[in-house]
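Chain and residue survey
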Amino acid sequence: MTEMMKAIRQRKPGATLQIESIPLPEPGPGEVLVRMSASPINPSDLASIAGTYMAKSWPFTPGLEGSGTIVKAGSGLLPRLRMGKRVACSPNAGGDGAWAEYMKTSVMKTVPLPGNIDLEQGSMMLVNPMTAMAFIQLFKEGGHTAMVNNAAASALGKMLIRLAADRSIPLISVVRKEKQVQELRGMGALHVLNSSSKTFEDELRALSGQLGATLILDAVTGKESGRLLNAAPDGSTLVAYARLSGDPIQADPSDLIRLEKNLKGFQLGIWLNSKSTIFKLRFLKSVKKEMSSSLHSHVNQTFPMDHINQAIALYQENMSAGKVLLHL
Ligand SMILES: NC(=O)c1ccc[n+]([C@@H]2O[C@H](COP(=O)([O-])OP(=O)(O)OC[C@H]3O[C@@H](n4cnc5c(N)ncnc54)[C@H](OP(=O)(O)O)[C@@H]3O)[C@@H](O)[C@H]2O)c1
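This report concerns the structure included in the present document. (Residues numbered from 1 in each chain as written. Predicted model: local features only at pLDDT ≥ 70, side-chain atom pairs only at ≥ 80, totals over all residues.)

A few points about the overall build of the chain
In plain terms, the rule: Every helix listed is a DSSP run of H or I at least four residues long, and every strand listed is a run of E at least two residues long, numbered separately from the N terminus. With the radius of gyration taken over C-alpha atoms, the globule rule is written as 2.2 Å times the number of residues to the power 0.38. Counting other C-beta atoms within 10 Å of its own, a residue is labelled buried from 20 upward, exposed at 12 or fewer, and partly exposed in the gap between, with every C-beta atom placed from the backbone.
The helix and strand inventory of the chain stands at 12 helices and 15 strands. At 20 Å, the chain has a C-alpha radius of gyration in line with the 20 Å of a compact globule built from 328 residues. With the C-alpha coordinates of the chain rotated into their principal frame, the extents come out at 70 × 40 × 40 Å. Going through the 328 residues of the chain one by one, you find that 42% of them count as buried.

Section: the sheet that holds strand S11 (residues 213-218)
Strand pairs in the sheet, formed through backbone hydrogen bonds, run parallel or antiparallel to each other. The condition that has to hold: Criterion used throughout: strands pair if DSSP finds at least two bridges between them. Lines are fitted to the C-alpha atoms to define the axes, a helix being fitted only along its stretch in contact, and any angle between axes, read from their N-to-C directions, falls within 0 to 180 degrees. Contact between residues is assigned whenever the C-beta positions, reconstructed from backbone atoms, fall within 7 Å.
Pairing is parallel across the open sheet formed by six strands, whose spatial order is S10-S9-S8-S11-S12-S13. Looking at the sheet topology across the chains shown, the edges are occupied by strand S10 (191-194) and strand S13 (262-265). Each neighbouring strand pair of the sheet contributes to a mean axis angle of 20°, computed without reference to strand direction. Against the sheet, helix H6 (residues 178-186) makes contact with strand S9 (171-175) and S10, and its axis sits at roughly 175° relative to S10, the strand it touches most. The strands touched by helix H7 (residues 200-211) are strand S8 (146-149), S9, S10 and S11; relative to S10, the strand with the most contacts, the crossing angle is about 155°.

Regarding the packing of helix H4 (residues 128-141) against helix H11 (residues 277-289)
Put simply, the rule is: In this scheme, roughly parallel covers angles under 35 degrees and roughly antiparallel covers those over 145, while 65 to 115 is roughly perpendicular and the rest are oblique. Rotating anticlockwise by less than a right angle from the far helix to the near helix defines a left-handed crossing, while the corresponding clockwise rotation defines a right-handed one. Residues are grouped as follows: Ala, Val, Leu, Ile, Met, Phe, Trp, Tyr, Cys and Pro are nonpolar; Asp, Glu, Lys and Arg are charged; every other residue, Gly included, is polar.
Running from N to C, H4 and H11 point in directions that differ by 115°, and their axes come no closer than 10 Å. Taken together, the axes of H4 and H11 are roughly perpendicular relative to one another. For the element pair H4 and H11, the recorded crossing hand is right-handed. Across from Pro129, Met130 and Met133 in H4, the residues of H11 making contact are Phe283, Ser286 and Val287. Tallied by class, the residues present in the contact of H4 with H11 amount to five nonpolar, one polar and no charged.

Comments concerning the environment of Arg185
You can see Arg185 is positioned in helix H6. Arg185 gets classed as partly exposed once you count the C-beta atoms within 10 Å, which come to 13. Expressed as a C-alpha distance, the spacing of Arg185 and Ser173, which sit 12 residues apart in the sequence, is 9.8 Å.

Thoughts on the site of the ligand
For clarity, the cut-off: In this analysis a residue is considered near a molecule or strand if the C-beta atom, reconstructed from its backbone, is found within 6 Å of that molecule or strand. The start and end points of each domain follow an automatic or database-based domain assignment.
Around the ligand sit 25 residues, and of these Ser154, Leu156, Ala242, Leu268 and Ser320 come closest. Secondary-structure elements contributing two or more residues to the shell around the ligand are helix H1 (43-50), H4 and helix H5 (155-166). Residues of the shell around the ligand, tallied by class, amount to 14 nonpolar, nine polar and two charged. When we break the shell around the ligand down by domain, the ones giving at least three residues each are domain 1 (4-124 + 297-327) and domain 2 (128-270).

Quick notes on unusual backbone geometry
Omega for the bond connecting Trp58 with Pro59 falls within 30 degrees of zero, at -5°, which places this linkage in the cis form. Mapped onto the fold, Pro59 is located in the loop between H1 and strand S4 (66-73). In this model, Glu260 sits at a positive phi of 55°, which is unusual for a non-glycine residue. Judged by the 11 C-beta atoms lying within 10 Å of it, Glu260 falls in the exposed class.

See the structure below:
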C-alpha cells in the first residue's frame, strides 16, 4: 500500500491553501527524504503562492526553506552519510516545498546543523542569514564606504544592522513607518530614515553624501528605486533584491547616463553559484557561527500546519513583527 503524508497544497495560482493527503515521495539518486520540523513564511512564499515567483506547475506544496531530519537516502555516498542528520533544507527547483510532513530534495540542498543551532532557527538559515552575509561581501568587494538598505525593519534588515555595527560599517536603514524608526534606533541603529516623511529625499541625499553611501540595497523597487538612486552619490550602485512594491524599477535615466550610477540585481542562489567551493564552505561556516547572535531571527508566532491560512493572515498583517513559523 502507498504510504501517505500530510502536506499544504495549492491547486492553482492564487487559490486557497488546503491540507491534503498525498503519497510520500521517494528520494532518487543524490536525493534525501527529510522529516520536516519547521518552516517560516517568507515574502518569496507569498509571491510563490500568488504565482509570480519561479517557474513551477500546480498543484504544488509551497515552502522555500525549512529544517528537519534526514530519514531516507537515495543512492550515492553523500545521501548515505547524511542519514539521521538534522539539516536546514530547501526544495529542488520547481519541486514540492517544505510545508509538508516530508520533503524530498537534493542532498546538495541540505546543510547539517551544528548542535548550537536549533531546528527553529535552522529552518530560517538558508535565505535571510546567507543573504545578509552576502550583502556584507558585496560591500567589501565593491570597495564601498557606507551602504543603504530599505524595508529595513524586515528580519534581513535587522540582521544587516547587527552585522554592519559589528564591523563598523556605516549603514542607512530606510523604513516606511515612524514606529519602525523608533524600533531600529532602539536596537542601536545609528542612521534610520522614514521614506514616508516629506523630507526623506533631502535627508537621504545629505546623509548619503556625508557617509559616502554608494551601495544601495533595494527590496522595494517601483518609484522607490528612483528616489534612492537620485539621492545617491555619483557612481553609486543600486542592487535590486526583491520587488515588495510589486512594481518595476522606475528611475531617471540621467542618473545612469550622466552621473554614472548603476543598476544591478541580486539573487542569493545565482550569487552563490558564481563562487568557488572553498569560498562557499568558508561562507557557510561564517554564517553558522553568527546564527545565535547577529543572524538570529525573531519568531513572532508558531502555528501547526493545519492553521496555515491563519498563519499567513497574521504574517501579512505585520511582516515586521517577526517570523511566523509553521511546525510541521
Ligand atoms: N534576492 C534574494 O536572494 C533575497 C534573499 C532573501 C530575502 N530577500 C528579500 O528580502 C526582503 C526581506 O525579507 P525578510 O524575510 O527579511 O522580510 P520580513 O521579515 O518578512 O519583512 C518584510 C518587510 O518588508 C516590508 N514591506 C513589505 N511591503 C513593503 C512595501 N511595499 N514597501 C516597503 N516595505 C515593505 C515590511 O514592512 P511593513 O511591516 O511596513 O509592511 C517588512 O519590514 C524580502 O523582500 C525578501 O523577498 C531576497
